[in-house]
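For reference, the chains in residue letters:
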Amino acid sequence: MNFDILIVGGGPAGLSSAIKLAQLAKKNKKELNICVVEKGSEIGAHILSGAVLETKALDELIPDWKSKDSPIKTEAKKDNFLLLTKNKSFRLPTPPQMKNKGNYIISLGNLCRWLAKQAEELNVNIFPGFSASEILFDEKGNKIIGIRTGDQGIDKDGKQLENYQQGYDLLAKQTIFAEGCHGSLTKKLIKKYDLRKNSDPQTYAIGLKELWEIKPENHKLGEVIHSVGWPLDNQTYGGSFIYFLENNQVSIGFVIGLDYKNPYLSPFDEFQRFKMHPKIKKIFEGGKRISYGARALNEGGFQSIPKLTVPGGLLVGCTAGFMNVPKIKGTHLAMKSGIIAAEQIFKNLSSSSLPVEIESYEIELKKSWVWDELYKVRNIRPSFQWGFWPGLIYSAVDTFIFRGKAPWTFKHHEDHKTLKEAENSKIIEYPKPDGIITFDKLSSVFISNTNHNENQPCHLQIKDDKIPIEHNLKNYDAPEQRYCPAGVYEIVRVGETKEPKLQINAQNCVHCKTCDIKDPYQNINWVPPQGGEGPKYPNM
């Protein structure tokens, strides 16, 4: 199947590219065949974010969005920034980056569903339920010419079943990679073209989120709460968000930097424990949990942005790392990168000879407000590697005195190298869930609507079968049991000798990709399962 432009990923960046390309084609009376492929069963099914939206990029893309029945309804009215101890809370001044006047509390999944509708009205082809499994190159192996979607109907031993269906080759003049954080094809591009040659490693966090419906008397429409401190120690970066949506719904989440050091830390259990704080618990008493999910997010910022173009393709959005960590926002940056990519592709498509590599995309991006915004906050996240209080103090100095223009730039490190060995770490005892405010992993995965056919090749590929037991278990007490927020990895004892073995419950996977990032030996490779599988988030 041949297209002019192929977009891998139906998130805000990819859909913004599609819409802008279609707008330009319509304006210039030019036919353009645009295709978006999305691995989720529908647009929005795999989208997970807080989220508070800054509409700067949306205003550029669709200036009249307010008149188009968008899902953007709840304006942020009040900011609260809290420091938590075990039993008390202290209100701190809200950092300027975290002030949300003029922003909107949204479901990012619903925004993407709406953006997809706008794209389809402009005759963009959108194909959900198709995972991009392979990059296609020209005969010389250097220029990208498209992607291949994954085969369907393969059993766990690699044999074809009765319902076998071969994947499709989707070919295009340019391919936009908009896979989201830590994209599986983007990983291959970065390695093949050495795109990080002049940038720092990307660093990450895991974000866990629940959607609740709470009692009306506890609901404060438009209120935004962020917290730092308890239950995390002073050496672990992270914090919480609570956003009050319409219909008595509340988004609550917890974010933990994946550079944490203690192998006994469980991000999921830290999140559950956080909800038991007296200040937080009272909000949710008498309420009902509706949905749960988890996703890795970028934290490297400015210094971790790789080279963005290759022959025949380019990177946009979170797959490239566009995230303002102090602001806790990336959607506006992702959308703007998608818009600029579309403008530069269309400009070059309209020229007499299409260049192999759209180098003007990165040039124009560096002239935009995206680059300036990321540059100004580049030193805030890495300053917390010194600890919570030094990081907080430095961030205030950088913001109010240097105003983001300090004559230095801090470096990042790779998250998988930070764990201490178990024998040098403190065991963390987590309270048992009460089933009312706090819950276990399996009941949480159930309400994420996650589904995988168990008779298919495991999409969590172990490179060396010896490492999980001989190294991970021996040195770190198998941290994959804890950093996974879905109960995918278990150490089980089998046979008469009760020898330990790693069991992978791949059907539980919510596609957060934390295992691919945090495994200390980089022994786990996350690849897409059959298209359409994974979580199916309703309003996240």
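Heads up: the structure comes first, above all this text.
Cut-offs used in this document
Residues numbered from 1 in each chain as written. Predicted model: local features only at pLDDT ≥ 70, side-chain atom pairs only at ≥ 80, totals over all residues. Heavy atoms only, no water. Helix = DSSP H or I, 4+ residues; strand = E, 2+ residues; numbered from the N terminus. Rg over C-alpha atoms; globule rule 2.2 N^0.38 Å. Buried < 20%, exposed > 50% of the residue type's maximum accessible area, 1.4 Å probe, protein only. Axes fitted to C-alpha atoms, helices over the stretch in contact; angles between N-to-C directions. Parallel < 35°, antiparallel > 145°, perpendicular 65-115°, else oblique. Left-handed = near helix turned anticlockwise from the far one by under 90°. Contact = heavy atoms within 4.5 Å. Nonpolar A, V, L, I, M, F, W, Y, C, P; charged D, E, K, R; others polar. Salt bridge = Lys/Arg side-chain N within 4 Å of Asp/Glu carboxyl O. Pairing = 2+ DSSP bridges. Polar contact = N/O pair within 3.5 Å; in protein donor to acceptor, adjacent residues only side chain to side chain. Patch = residues over 30% accessible without salt bridge, like charges linked within 9 Å, V, L, I, M, F, W, Y side chains within 5 Å. Areas by Shrake-Rupley, 256 points an atom, 1.4 Å probe, with all protein chains shown as cover. Lys, Arg positive; Asp, Glu negative; His and termini not counted. Charge placed at Lys NZ, Arg CZ, Asp CG, Glu CD. Phe/Tyr/Trp six-rings, centres within 6.5 Å; stacked < 30°, edge-to-face > 60°. Lys NZ or Arg CZ within 6 Å of the ring centre and 35° of its normal.

> Looking at this structure, how should I read the overall build of the protein?
Helices and strands together make up the secondary structure of the protein, namely 15 helices and 24 strands. Its C-alpha atoms give the protein a radius of gyration of 23 Å, within 12% of the compact-globule value 24 Å for 540 residues. Taking the principal axes of its C-alpha atoms as reference, the protein extends roughly 65 × 60 × 50 Å. Residue burial in the protein is summarised as follows: out of 540 residues, 61% are buried.

> In this structure, what is going on with the packing of helix α1 (residues 12–27) against helix α3 (residues 108–121)? I would like to understand it.
One way to put it is that α1 packs onto α3 with a least axis distance of 9 Å and a crossing angle of 20 degrees. Relative to α3, the element α1 lies roughly parallel. Judged by the twist between their axes, the crossing of α1 over α3 is left-handed. Counted together, Pro 12, Leu 15 and Ile 19 of α1 and Leu 108, Cys 112, Leu 115, Ala 116, Gln 118 and Ala 119 of α3 form the full contact between these two elements. Looking at the contact of α1 with α3, its residues break down into eight nonpolar, one polar and no charged.

> Please explain the packing of α1 against helix α7 (residues 331–349) as it appears in this structure.
Angle between the axes and distance between the axes are the two parameters that describe a pair of packed helices. Direction vectors running N to C along α1 and α7 enclose 35 degrees, while the axes themselves pass 7 Å from each other. In the crossing of α1 with α7, the sense of the turn from one axis to the other is right-handed. On α7, the residues touching Pro 12, Ala 13, Ser 16, Ser 17, Lys 20, Leu 21, Leu 24 and Ala 25 of α1 are Thr 331, Ala 334, Met 335, Gly 338, Ile 339, Ala 341, Ala 342, Glu 343, Ile 345 and Phe 346. Here the residues of the contact of α1 with α7 sort into twelve nonpolar, four polar and two charged.

> Help me understand the pattern of salt bridges in this model?
Pairs can form between side chains of opposite charge once their charged atoms are near each other. If you walk through the whole model with that rule in mind, you get 23 salt bridges. Here Glu 299 and Arg 381 are joined by a salt bridge, their closest N and O atoms 2.6 Å apart. Of this pair, Glu 299 sits in the loop between β18 (288–298) and β19 (309–310) while Arg 381 sits in helix α10 (residues 380–383), and the two are 82 residues apart along the sequence. Arg 381 carries the same exposure label as Glu 299, and that label is buried. Linked through salt bridges whose partners overlap, the residues forming this network are Glu 54, Lys 327 and Glu 373.

> It is not clear to me how the sheet that holds strand β16 (residues 238–244) should be interpreted in this structure. Could you clarify?
The pairing of strands in a sheet happens through backbone hydrogen bonds and is either parallel or antiparallel. Here we have seven strands laid out as an open sheet, ordered β6-β5-β15-β16-β17-β14-β18, and mixed in their pairing. On the outer flanks of this sheet lie β6 (89–92) and β18, each paired with one strand and no other. Along the sheet, successive strands turn relative to each other by an average axial angle of 20 degrees, direction set aside. Note: strand β5 (residues 78–84) against β6, four bridges, orientation antiparallel. Bridged to Leu 84 within β6 is Ser 89. Where helix α5 (residues 267–274) meets the sheet, it contacts β5, β14 (204–213), β15 (223–229), β16, β17 (249–257) and β18, and its direction lies at approximately 135 degrees from that of β17.

> What's the story with the sheet that holds strand β7 (residues 104–105) in this structure? I'm lost.
Strand order across the open sheet formed by three strands is β3-β7-β4, with antiparallel pairing between neighbours. Edge positions in the sheet fall to β3 (52–53) and β4 (74–75), since each of these pairs with one other strand and no more. Direction of pairing for β4 relative to β7: antiparallel, over a ladder of two bridges. Its bridge partner lying in β7, Glu 75 is registered against Tyr 104.

> Before we go on, may I ask you to explain the pairing of β5 in this structure?
The two faces of the sheet receive side chains in turn, since in a regular strand these alternate between them. Extensive coverage of β5 is indicated by the burial of six of its seven residues. Judged from the seven bridges that link them, β5 and β15 form a sheet pairing that is parallel. In the strand pairing of β15, Asn 80 is matched with Ile 225. In this antiparallel pair of consecutive strands, β5 and β6, the connection spans four residues.

> Just checking my understanding: could you explain the environment of Glu 246 for this structure?
Locating Glu 246 in the fold gives a position in the loop between β16 and β17. According to the relative accessible area criterion, Glu 246 is partly exposed, its value standing at 27%. Setting aside residues up to four positions removed in sequence, Glu 246 forms contacts with Lys 73, Thr 74 and Leu 221. A polar contact of 2.4 Å, which involves the side chain of Glu 246, links it to the side chain of Thr 74.

> In this structure, what is going on with the environment of Lys 66? I would like to understand it.
By the secondary structure assignment, Lys 66 is in the loop between α2 (56–61) and β4. Classification of Lys 66 as exposed rests on a relative accessible area of 62%. Linking Lys 66 and Thr 236, residues 170 residues apart in sequence, is a C-alpha distance of 40 Å.

> When you look at a positive patch on the surface in this model, what are you seeing that I'm missing?
A cluster of basic residues, Lys 78, Arg 91, Lys 220, Lys 279 and Lys 282, forms a positive patch on the protein surface. By relative accessible area, Lys 279 is classed as partly exposed at 34%.

> Any chance you could explain unusual backbone geometry here in plain terms?
Residues apart from glycine generally show negative phi values, whereas peptide bonds are mostly found in trans. With an omega of -5 degrees, the peptide bond running from Gly 50 to Ala 51 counts as cis. Mapped onto the fold, Ala 51 is located in the loop between β2 (34–38) and β3. Phi is positive for Asn 449, which is not a glycine, with a value near 60 degrees. In this structure, Asn 449 sits in the loop between α12 (441–446) and β21 (460–462).

> How do you make sense of the packing of aromatic side chains when you look at a structure like this?
Two numbers describe a pair of aromatic rings. These are the distance of the centres and the angle of the planes. Inspection of every chain in the model, using the stated rule, returns 18 aromatic pairs. Connected via pairs of aromatic rings, a cluster forms that spans Tyr 237, Phe 384, Phe 388 and Trp 389. Directly above the ring of Phe 137 sits Lys 192, whose terminal nitrogen or CZ lies 4.7 Å from the centroid. Positioned over the ring face of Tyr 260 is Lys 518, at 4.4 Å from the centre of the ring.

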